Every structure is written in C-alpha cells, then in structure tokens.
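Next come the chains, spelled out residue by residue.
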Amino acid sequence: MQLRDAIEEAIRRWDALERSRGEAPVIDFDCAPPDDKPHPFDNRFAALDELERLRTEADTQQQLVLRTHLDAHIAYLSALIGQQLPLDDYVSITQGCIPRGWTPDYIEQRAHIAKEALASLGISWDEHTQENLHSMSEQLPAADVAPAIADYADKFEPTVRQLVDTTTEFTLTIEDVKVDAYWSYWLDGAGHDARLRINRNKASFSHVDAYRFALHEVLGHALQYSSLTTQTEANNVEWPRILAVHCPRQILFEGMAQVLPRIASPEDNLVAARTKIDHLMSLVRGQIHILINKGAMAADCRDLAHLQVPWWTNEDIAGELYDRSRNPQFRSYLWSYPAGIDWFVQLIEADHATLAEVLRAAYKRPLTPSELHKLWPTGPTIGGNQ
C-alpha cells in the first residue's frame, strides 16, 4: 500500500504545519501513528502541491477510495488558503453527500415528535425549555464530571461491545480545558490511546449529560477508533488510516455517536427525549447552514431559528451562522451532525436488523455515506429530503 502510506505521510506533514502555526489540527485520530515525528511542510501551497500530485497518482492507479479522501483533503486545504467553493460542492466533496436540507413539513413533523416527548416529561415548549429539561437530571459539581463519565462508560461498556461486536481495548485520558468554541466535549488521539477534553466554557454537568457523553465520546468515538486501529493492525486495509473531521466518514461517526445513548438505553424516557430534541435542533441548524451559505440575510436566519427553537439566544445563533459560513473546517464538519443523526434516527425507527448490521460494520471499517446507503438501500437520502 505504498500510495496509501505516502498519502498518510503527506497528511501528517500538513497536520504538523498547521499545529506549528497554532491552527486547528488536520488529524482528528491517527489509527496508525508513526514512530517518528513528521517533518512539517514549509507552507500550505507545498502541502497542496503534494496532495495534488498524489491525487494524480491515485487516478492513474484507479484507487477510488484513496482519490475520494484526497479530494476531501484538497478541498479543505484549498478553503484554508482562501478558495470558497459553493456549499453544495464543498460539502459533497468533504462529507460525501449533497446538503439538500429538509422540507418544512418534515422539520415540523420532527418538532411535533420532540414536543410530545417533552410533554410526557411535563415540560413546555418555550424559551425556558432547555433550562427545565436540564433540571430533570441532578447537576454534577465540576470536579465530579470526569469520574461520572468514566463510571457510565464502565457500566455500559459490555452493552455497547455486544452491540458493535468488538473486544478491542483502549486507554482514555480526560482533561479539563477552557476554549472559546462551540463544543462541550472533544475526543482525539492515536492508536489505542484517546484523549477526552471537557470544555468548561460550554459543558453542562448533569448525570444524563455525563451518561450521554460517555456513550457518545468514550464508547462511541474512542472505542470505535481503537477498533479501527485493531483492523489496521490485523489487515492491510485499503482505506486511509487517518481520520479527519472534513472527510466523508464523519457522518457515520457523528450520526452514530449521537444516537448511541438512545440505543443503549431504549427504555430511558429522558434520554429518548434529549435525542429527539437534538434531532430537531440539528435539522434547524442544517436549515440555517444552507441559508446563510446561499446568501440569506443573517437576521432572517435568526428569526427562523428563534421561531423553531425558542430557547436559543441571539448569541447562540450568531455563533452558528459564523461557524457554518466563515470557518472552513466547520462549514464542512458541522454538516455531519444533521445529516448523520437524521439517517440514524430513521434507521432506528425503521429497521432494527439493518441497524445491528450497521453498528457491527462501523467498528470494522469507517463507512462513507455511499457505503451506508449500500447497507440500507431503501433508507432515506443522506443529507436531506428536499
């Protein structure tokens, strides 16, 4: 796999360049970390030229899998340099699906489902919904958050391992950070070692939050990535062993991780309600993601978001609009959340046999949207029903 290895070396060198500049890393998780520290490219154009050369070689060798991921890296690197592709092209190349979005009728249907779930808990749909929902679960002191996440991960690890059919072991380090970013928790790492960072500026600390992120980050991402590492150690895989959030496997990773808490605790009404609300909010975020990138007025996007999610603040919405239109990484990556959760929620509702097959396959190979479609050919189009 000389070409695959050359591509990985180039991506690691590009990642080293970005880190040396104090920019966001390129690599989210490395399933085949090298012994030697990579030497960074001199500049972004040097990295781009090398990736373009490797793409030509992938074409010559008819290596479609490698070409697909090179296209995603090239599109993202070009965006970092300043190129502004139309949203449909950019997301299609990087996330592997066209950002069609969802019809107003479908979003309203999912809003009705979310409202019914809240009503069953005695919570109304208004500007206080999120605050009242959080009060349904005991809040945790900051010092107890990391131990609580670890405890929930330990408790549900046998359940998840049985669902996904893996015996891979991994180590987890939990760190507290304060970062001005949208995320509450972020997991990265290499090989069988994962790091979970808890963003004290954003994270809420309740028992149900600790459970959900233990399933999402630890038993979703960390166990999955370590399982993929095991596959690379046992087999000479044809897919690139570097995971990056701007590549077309992220819809699988984020979609599955968002619904895994519901799958592991199907009788928990609070967890089910939180997943249904997350689904709706992701659809609304996807809606404004498309609108702001296609020239809609910011105030119109704000008004639409307020109408559909009344507890969002102006600051919340402004941050969403900026990230989804001006940040090259998030303009691609954040689309994986609505596209991923919608496909997996519909799969949970429709086909338990296929869900079981997808869960097992996802811990053996990082699946693209086209590969997910092959597992469920009668399922919805990934990326929207417009």
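Heads up: the structure comes first, above all this text.
Structure report, in brief. None of the values given here were measured: they were computed from a predicted structure.

**What to know about helix α3 (residues 64-81)**
Residue pairs three or four apart in sequence face the same way in an α-helix, which turns once every 3.6 residues.
Link 1 in the chain: In this model α3 runs 25 Å from its N-terminal to its C-terminal C-alpha over 18 residues, within 8% of the 26 Å that 1.5 Å per residue would give.
Link 2 in the chain: Residues of α3 that are buried include every one of Leu66, His69, Leu70, Asp71, Ala72, His73, Ile74, Ala75, Tyr76, Leu77, Ser78 and Ala79, and no others.
Link 3 in the chain: In this fold, the buried residues of α3 make contact with α1 (2-20), α2 (44-60), α4 (87-95) and α13 (328-333).
Link 4 in the chain: Looking one or two places after α3, you find Gly82, whose phi comes out positive at around 140°.

**Side note on the pairing of strand β4 (residues 193-199)**
Link 1 in the chain: Within β4, 5 of the 7 residues are buried, which leaves the element mostly enclosed by the surrounding structure.
Link 2 in the chain: Bridging between strand β2 (residues 171-177) and β4 involves 7 bridges; their strand directions are parallel. Opposite Ile174, over in β4, you have Leu196 as the bridge partner.
Link 3 in the chain: Sheet topology note: the strand β3 (residues 185-190)/β4 ladder contains 6 bridges and is antiparallel. The partner of Tyr185 across the bridge, within β4, is Ile198.
Link 4 in the chain: Connecting β3 to the antiparallel partner β4 that follows it, the hairpin turn spans 2 residues, and Gly191 within it adopts a positive phi of roughly 65°.

**Side note on the sheet that holds β2**
Link 1 in the chain: Taken in spatial order, the 5 strands line up as β2-β4-β3-β1-β5 in an open sheet, and their pairing is mixed. Across the chains shown, the open sheet's two edge strands, defined by having one partner strand only, are β2 and β5 (242-243).
Link 2 in the chain: Along the sheet, helix α7 (residues 142-164) makes contact with β2, β3 and β4, crossing β4 at roughly 140°.

Rules used in this analysis
- Residues numbered from 1 in each chain as written.
- Predicted model: local features only at pLDDT ≥ 70, side-chain atom pairs only at ≥ 80, totals over all residues.
- Heavy atoms only, no water.
- Helix = DSSP H or I, 4+ residues; strand = E, 2+ residues; numbered from the N terminus.
- Expected span 1.5 Å × (residues − 1).
- Buried < 20%, exposed > 50% of the residue type's maximum accessible area, 1.4 Å probe, protein only.
- Contact = heavy atoms within 4.5 Å.
- Pairing = 2+ DSSP bridges.
- Axes fitted to C-alpha atoms, helices over the stretch in contact; angles between N-to-C directions.

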